[in-house]
Every structure is written in C-alpha cells, then in structure tokens.
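The primary structure of each chain is shown beneath.
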Amino acid sequence: QVQLVESGGGLVQPGGSLKLSCTASGSGFGGYAVAWFRQAPGKEREFVAARRWTGGTLVYSDSVKGRFSLSRDTATNTAVLQMNNLQPEDTATYSCAAGRPILSTIRSETAYYSWGQGTQVTVSS
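None of these values were measured; they are calculated from a predicted model. (Residues numbered from 1 in each chain as written. Predicted model: local features only at pLDDT ≥ 70, side-chain atom pairs only at ≥ 80, totals over all residues. Heavy atoms only, no water.)

Chemist: For this particular structure, what's the right way to read the pairing of strand β3 (residues 18-25)?
Modeler: On a regular strand, one side chain projects to one face of the sheet and the next to the other, so that they alternate. Two strands pair when backbone bridges link them, and strand β1 (residues 3-8) and β3 are joined in this way by six bridges, in the antiparallel orientation. By the bridge assignment, G8 is partnered in β3 with L20. Strand direction decides the pairing type here: β3 and strand β8 (residues 78-83), joined by six bridges, are antiparallel. From the neighbouring strand, L18 faces β8, where its bridge partner is M83. (Pairing = 2+ DSSP bridges. Helix = DSSP H or I, 4+ residues; strand = E, 2+ residues; numbered from the N terminus.)

Chemist: Can you help me understand the state of the cysteines in this one?
Modeler: Such a bond, covalent and formed between the sulfur atoms of two cysteines, is termed a disulfide. On inspection of all chains with the given rule, the structure shows one disulfide. Here C22 engages in a disulfide with C96; their sulfurs sit 2.1 Å apart. The sign of the 65 degrees torsion about the S-S bond sets the C22-C96 disulfide as right-handed. Remark: C96 occurs in strand β9 (residues 92-99) and C22 occurs in strand β3; sequence separation between them is 74 residues. With respect to class, C22 is no different from C96; both count as buried. (Disulfide = S-S within 2.5 Å. Buried < 20%, exposed > 50% of the residue type's maximum accessible area, 1.4 Å probe, protein only.)

Scope: geometric values only; no functional claims are made or implied.
Structure follows, in structure tokens:
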C-alpha cells in the first residue's frame with residue numbers, strides 16, 4: 001500500500017497562490033489515481049481534484065475549476081496541486097489520497113484507501 005506525505009499549505013491573502021505537494025513512497029503512484037479533498041471546520045469533506053497517474057483522466061470540482069491545477073512529477077512520484085486566485089472559502093484542511101477508483105467513483109472519498117496527514121490552507125487578509 002502506498003504511503004503519502006504532504007507538504008505546502010499555509011496562510012495567504014485573497015487572490016494569492018499556494019502549492020501543495022503529495023509524495024508517494026513505496027511503490028509510488030503507478031496504477032493509482034491521486035486525489036485532493038478538503039474539509040473546512042464544521043463541514044463535510046469535499047472533492048477538489050483527481051487524476052489517474054497514467055492515462056488522461058483529470059477532473060476538478062466546479063468550485064476550483066479554472067483556478068486549481070493538478071499535475072504530476074513522475075521522477076519524484078509527486079502530485080502537485082497548484083492553487084491560484086485563492087479565496088476565503090478555500091480555507092480548509094487539504095488531504096491527498098490514492099486509490100483505484102472507476103471513473104464513476106473518482107470523486108468519491110470512499111474510493112480512496114491511502115491518505116496523507118492533511119495540511120492547512122488559510123486564506124485571509
């Protein structure tokens with residue numbers, strides 16, 4: 001089973017940018033899909049973005065489409081979530097996850113079974 005370590009996050013002003021990284025140890029991401037979810041205080045965890053490590057599937061939630069970008073670095077087994085034009089409503093704990101979902105479940109947290117420790121993103125002036 002793949003182990004995930006996240007880095008990045010922090011405090012940024014509205015309109016700013018942050019980059020989150022998720023590095024897979026062990027066998028790496030090969031054969032998996034990698035996703036980012038977020039959870040704000042008092043709210044349920046919500047899907048942000050996901051992609052298959054190999055193949056063309058790449059999906060975003062409507063709330064981040066056009067602002068966030070999920071890319072991969074195959075040399076370092078790292079998935080990178082670039083977040084631009086951040087807004088206060090993006091404030092949450094962000095977690096990366098790995099699994100083997102089918103296309104219809106790629107946005108569902110129950111399709112993922114390896115999770116990172118979570119990293120805090122705060123957008124505030």
